[in-house]
Amino acid sequence: METSQPKKTWSLQDNKRTKDQRNLFKATGKTKKNKNVMYLFSVIGVLLVVSFLLPMLYDQEVTVCITDTFCLNSAHHVILYPLYIFCTIVILLLAIYGAYVIGKK
């Protein structure tokens, strides 16, 4: 037996909202922008700033030899030494992330 009465829909607001208030939550058709690239660039920027600040905070002069003939000094190589620190931090973070991914499997 079919009834011609409309099915009752339950609403906590008993349809007290206006048409404009109901339309506020409808999709606009615009796609959300992916912010992963912005987050990646901001993390790289913060790491670069930290790597440039670390040698300034440390009072003593530090020398790091990458090969037998190529050594970096924290006092003389103002740009290369912080880039070395930045690369070291990035390698450490990638190693931690890799261990996380392998451990998750």
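Residues numbered from 1 in each chain as written. Predicted model: local features only at pLDDT ≥ 70, side-chain atom pairs only at ≥ 80, totals over all residues. Heavy atoms only, no water.

(A) Focus on the packing of aromatic side chains. Throughout the structure, instances matching the rule amount to two aromatic pairs. Seen in terms of ring centroids, Tyr97 and Tyr100 are 6.5 Å apart; in terms of plane orientation they differ by 35 degrees. Their pairing is tilted. Here the residue Tyr97 and the residue Tyr100 both occupy positions in helix α3 (residues 80-104), the gap between them amounting to three residues, near one helical turn. The class for Tyr97 is exposed, based on a relative accessible area of 53%. (Phe/Tyr/Trp six-rings, centres within 6.5 Å; stacked < 30°, edge-to-face > 60°. Helix = DSSP H or I, 4+ residues; strand = E, 2+ residues; numbered from the N terminus. Buried < 20%, exposed > 50% of the residue type's maximum accessible area, 1.4 Å probe, protein only.)

(B) Highlighting the state of the cysteines. Taken as a whole, this structure holds one disulfide when the rule is applied. Here Cys65 pairs with Cys71 through a disulfide, and the sulfurs are 2.0 Å apart. Because the torsion about its S-S bond is 95 degrees, the bridge between Cys65 and Cys71 counts as right-handed. (Disulfide = S-S within 2.5 Å.)

(C) Here's a closer look at a positive patch on the surface. On the surface, Arg17, Lys19, Arg22 and Lys26 cluster together into a patch of positive charge. With a relative accessible area of 54%, Lys26 lands in the exposed category. (Patch = residues over 30% accessible without salt bridge, like charges linked within 9 Å, V, L, I, M, F, W, Y side chains within 5 Å. Areas by Shrake-Rupley, 256 points an atom, 1.4 Å probe, with all protein chains shown as cover. Salt bridge = Lys/Arg side-chain N within 4 Å of Asp/Glu carboxyl O. Lys, Arg positive; Asp, Glu negative; His and termini not counted. Charge placed at Lys NZ, Arg CZ, Asp CG, Glu CD.)

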